[in-house]
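Observations on chain architecture
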Amino acid sequence: MKELKISAKIQVCDYNELNPAEKNLIDAAKEAVMRAYAPYSRFQVGAAALLANNEIVTGNNQENVAYPSGLCAERTTLFYANSRFPDTAVDTLAVAAYTNGDFTEEPVSPCGSCRQVILEAQNRYNHPVRMMLYGKKGVYIIEKITDLLPLSFGSF
Ligand code: THU
C-alpha cells in the first residue's frame, strides 16, 4: 500500500509587512465589506480581485431571505470580474470579514463552493490565483488556489 500526503504552504504575515499594492488590495476588500448585504448572518465579507490588466474588482456577500439564494463574497466578485473582463486572468483575490463591529481576528477562508469557482478562474486563464486572507492577527498568503483545494475535480 502507498500513502499519499497532501500539504499546503501558507505564509502568515503582518499587514505592515505587505507591499503597497498588496495593502491596497486588502484595503479594497475591507472597504467592500461595508457594502455587503448580510442582514441574516450579520457576517459581512468583502473580496477584491486584482486582474492581470491591473483593474481591481470588488464584491461582497449578498444574502436572501430564502437562505440558499444568497452568494458569498468570493463568488460575487469573481463572477462580476469575469463578466466585465472575460479575457483577463485573475491574479490575486483578497478577502476580509467583519462581524460584531470589527474585522475578524483570524482570516476567513473560502467555502468549498467558492474554492471550486476560484479553481475555475485559475484553470480558465491558466494563471495561478493567489489568495490573501485578512485577519487582524495576520494575513494568510496562499500562492495558488490548488493549495486550498487539493485533489480537485477538473476537466476530463
Ligand atoms: N461567506 C462569504 O461570503 N465568504 C466566505 O468565505 C465565508 C462565508 C458568507 C456567506 C454568508 O452570507 C455569511 O458569510 C455567513 O456564512
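Everything below is about the structure shown above.
All figures in this text were calculated on a predicted structure; none of them were measured in a lab.

Regarding the packing of helix α2 (residues 73–84) against helix α3 (residues 112–124)
As a packed pair, α2 and α3 sit with axes 9 Å apart at the nearest point and diverge in direction by 25°. Comparing the axis directions of α2 and α3 gives the class roughly parallel. Considering only the axes of α2 and α3, their crossing is left-handed. Only Ser113, Cys114, Val117, Ile118 and Arg124 of α3 make contact with α2, whose side of the interface consists of Glu74, Arg75, Leu78, Phe79 and Asn82. By residue class, the composition of the contact of α2 with α3 is five nonpolar, two polar and three charged.

With respect to the environment of Cys13
Along the polypeptide, Cys13 turns up in strand β1 (residues 11–13). Cys13 gets classed as buried once you look at its relative accessible area, which sits at 12%. As for Cys13 and Gly138, which are separated by 125 residues in sequence, their C-alpha atoms are 5.5 Å apart. Aside from chain neighbours lying at most four places away, what touches Cys13 is Leu18, Gly138, Val139 and Ile141.

Quick notes on the rules
Residues numbered from 1 in each chain as written. Predicted model: local features only at pLDDT ≥ 70, side-chain atom pairs only at ≥ 80, totals over all residues. Heavy atoms only, no water. Axes fitted to C-alpha atoms, helices over the stretch in contact; angles between N-to-C directions. Helix = DSSP H or I, 4+ residues; strand = E, 2+ residues; numbered from the N terminus. Parallel < 35°, antiparallel > 145°, perpendicular 65-115°, else oblique. Left-handed = near helix turned anticlockwise from the far one by under 90°. Contact = heavy atoms within 4.5 Å. Nonpolar A, V, L, I, M, F, W, Y, C, P; charged D, E, K, R; others polar. Buried < 20%, exposed > 50% of the residue type's maximum accessible area, 1.4 Å probe, protein only.

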